[in-house]
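The residues making up each chain are set out below.
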Amino acid sequence: MPRGFTFVAQSTPLTSGISCFTKPLVSSRPLSTGRSRVERHAAIKAVVSEPPRSATDSKLNELKVVHTNATSGVIDAPLDKVWAVFREFGKANTWWLDYFADMTVAPGTAEDPKLGQVRSFKTLTGTDYQEKLIELDEDRKRLSYSLEYMSTNMLDGAITTIDFDADPENAAKTLVSWSSRFTLVDAYAPLAEQITARQKQVYDLGIANLQRYFVPPGPGILKVAITGGSLPRDTKADYMTMTLGGGSGQRLSLSHCGTPSKKEELSFNIVSLDDNLFVQVVDRKLFADRLCGSAQVPLRRLLDSPNY
């Protein structure tokens, strides 16, 4: 370690449960059809918006209030790989493990999706569904389906659309936009807010499961907190970075004496217990930052001695 630095580390097991507390969508502003799909994805992240209208809206009961839902996320895998998995309409149960109990498709096979294909499935909570594939755009990487049957009989009609785009800043990542339009059976109309929130939670879980399919979680999370630090009198440093294994580095700003300028806990996903934690102390310069010192600490040593 750079001289004078001490930190504590804690390993926290990952849990499979994900909790989401959401508010219903209230904006009535549709996304502009003149925007690119990347811009639409950014709009969904920035504000709550309606998904774009389409001819499939005719499947909704126009005499009832049409509710909307939208969410988005990022998958750490290239667009072509993500689309190849998601486009197989009848195989969502192979990657969305904490939602589907079983699934069948007809006509055709799960590996060869066709417009009009219906997937029938039961969720882990016991609800039966039938959904029909109504759009499969291989060029735009868009998939849409309509709700044909729901055993709890809450929704009178629903159209769901999922768009995929390459991240313009990183070709190794994929942007996902998941949106829907739906109407409710009269008896459930007073529960519109709760149903909308639950629906968004399910979509968020779908994105999280797709991420886990491509990037399986490691055995836990390493949490690191700097408890103090000092620098030699003739040494100046502005920040320090920490990197676990081949993951992304994280930065902490330092005060003039070498102590972090604010209390902060860094978290790292543990991929392998044989990884090392790399630490660098750096002085910021106008043209090229100067490395003041570095250290490499085996993860197993941290876990054996948390107050390292």
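Description of the structure in this document. Here the structure is a predicted model, which is why all the values come from computation and not from measurement.

1. Overview of the overall build of the chain
Thinking step 1. Secondary structure summary: the chain contains 4 helices and 14 strands in total.
Thinking step 2. Taking all 308 residues of the chain together, the buried fraction comes to 44%.
Thinking step 3. Of all intrachain contacts in the chain linking residues separated by at least 6 positions in sequence, the fraction that spans at least 24 positions is 60%.
Thinking step 4. Counting only carbon and sulfur atoms, one obtains 51% of the accessible surface of the chain, whose full area is about 16400 Å².

2. Considerations on the sheet that holds strand E5 (residues 128-137)
What links the strands of a sheet is backbone hydrogen bonding, and the strands pair in either a parallel or an antiparallel sense.
Thinking step 1. Pairing is antiparallel across the open sheet formed by 7 strands, whose spatial order is E2-E8-E7-E6-E5-E4-E3. Of all the strands in the sheet, just strand E2 (67-75) and strand E3 (100-106) have a single pairing partner and so form its edges. Averaged over neighbouring strand pairs, the angle between their axes works out to 20° when direction is ignored.
Thinking step 2. Inspection of the sheet shows E5 paired to strand E6 (residues 142-150) by 8 bridges, in the antiparallel sense. Its bridge partner lying in E6, Glu131 is registered against Leu147.
Thinking step 3. Helix-sheet contacts for helix H2 (residues 79-86) involve E2, E5, E6, strand E7 (155-167) and strand E8 (170-184), and the interaxial angle to E7 is about 155°.

3. A look at the pairing of strand E14 (residues 290-298)
When a strand is regular, its side chains alternate between the sheet's two faces.
Thinking step 1. The pairing of strand E13 (residues 276-283) with E14 spans 8 bridges and is antiparallel. Bridged to Leu277 within E14 is Val297.

4. Details of the side chain of Thr127
Thinking step 1. Checked against the element boundaries, Thr127 lands in the loop between strand E4 (118-123) and E5.
Thinking step 2. Each residue touching Thr127, except ones within four places of it in the same chain, is listed here: Phe121, Lys122, Met150, Ser151 and Thr152.

5. Describing the packing of aromatic side chains
Thinking step 1. The final tally for this structure, using the stated rule, is 14 aromatic pairs.
Thinking step 2. Taken together, a centroid distance of 4.7 Å and an interplanar angle of 80° make the contact between Phe100 and Phe121 edge-to-face. Of the two residues, Phe100 sits in strand E3 while Phe121 sits in strand E4, which places them 21 residues apart along the sequence. The burial state of Phe100 is the same as that of Phe121; both residues are buried.
Thinking step 3. For the cation-ring pair, Arg119 lies above Tyr145, with the distance from its terminal atom to the ring centre recorded as 4.9 Å.

6. Some thoughts on the pattern of salt bridges
Thinking step 1. Inspection of the entire model under this criterion finds 13 salt bridges.
Thinking step 2. Two residues, Glu131 and Arg119, come together in a salt bridge whose shortest N-O distance is 2.9 Å. Linking Glu131 in strand E5 with Arg119 in strand E4, this pair joins segments that are 12 residues apart in sequence. Of the two residues, Glu131 and Arg119, neither departs from the other in class, the shared state being buried.
Thinking step 3. Between Asp274 and Arg300 there is a salt bridge, and its shortest N-O distance comes to 3.0 Å. Placement of Asp274 in the loop between strand E12 (265-270) and E13 and of Arg300 in helix H4 (residues 299-304) is noted, with a sequence separation of 26 residues between them.
Thinking step 4. Judged by its relative accessible area of 57%, Asp274 falls in the exposed class.
Thinking step 5. Given a relative accessible area of 44%, Arg300 falls into the partly exposed group.
Thinking step 6. Among the ionic contacts, a cluster of salt bridges with common partners joins Glu88, Lys91 and Glu111.

7. Digging into the pairing of strand E9 (residues 220-228)
Thinking step 1. In terms of burial, E9 is a largely internal element, 7 of the 9 residues being buried.
Thinking step 2. With 6 bridges joining them, E9 and E12 adopt antiparallel strand pairing. Counterpart to Gly220 in the pairing with E12 is Ile270.

8. As for the layout of surface pockets
Thinking step 1. Considered as a void within the structure, the second largest pocket measures approximately 550 Å³ in volume.
Thinking step 2. Surrounding the second largest pocket, 28 residues form its lining, Tyr99, Tyr129, Met150, Gln199 and Val202 being those nearest its centre.
Thinking step 3. No other element matches the 7 residues that helix H3 (residues 192-214) contributes to the lining of the second largest pocket.
Thinking step 4. Classifying every residue of the lining of the second largest pocket by side-chain character gives 17 nonpolar, 7 polar and 4 charged.

9. A word on unusual backbone geometry
Thinking step 1. Ala106 connects to Pro107 through a cis peptide bond whose omega is -5°.
Thinking step 2. By the secondary structure assignment, Pro107 is in the loop between E3 and E4.
Thinking step 3. The backbone of Asn153 shows a phi angle near 55°, a positive value even though the residue is not glycine.
Thinking step 4. Structurally, Asn153 is set in the loop between E6 and E7.

The rules behind each value
Residues numbered from 1 in each chain as written. Predicted model: local features only at pLDDT ≥ 70, side-chain atom pairs only at ≥ 80, totals over all residues. Heavy atoms only, no water. Helix = DSSP H or I, 4+ residues; strand = E, 2+ residues; numbered from the N terminus. Buried < 20%, exposed > 50% of the residue type's maximum accessible area, 1.4 Å probe, protein only. Contact = heavy atoms within 4.5 Å. Areas by Shrake-Rupley, 256 points an atom, 1.4 Å probe, with all protein chains shown as cover. Pairing = 2+ DSSP bridges. Axes fitted to C-alpha atoms, helices over the stretch in contact; angles between N-to-C directions. Phe/Tyr/Trp six-rings, centres within 6.5 Å; stacked < 30°, edge-to-face > 60°. Lys NZ or Arg CZ within 6 Å of the ring centre and 35° of its normal. Salt bridge = Lys/Arg side-chain N within 4 Å of Asp/Glu carboxyl O. 1 Å grid on protein atoms, 1.4 Å probe; cavity = no way out; pocket = protein on both sides within 12 Å on 5 of 7 lines; lining within 4 Å. Points joined across faces, edges and corners; volume = space filled by probe spheres on them. Nonpolar A, V, L, I, M, F, W, Y, C, P; charged D, E, K, R; others polar.

Structural measurements only, silent on function.
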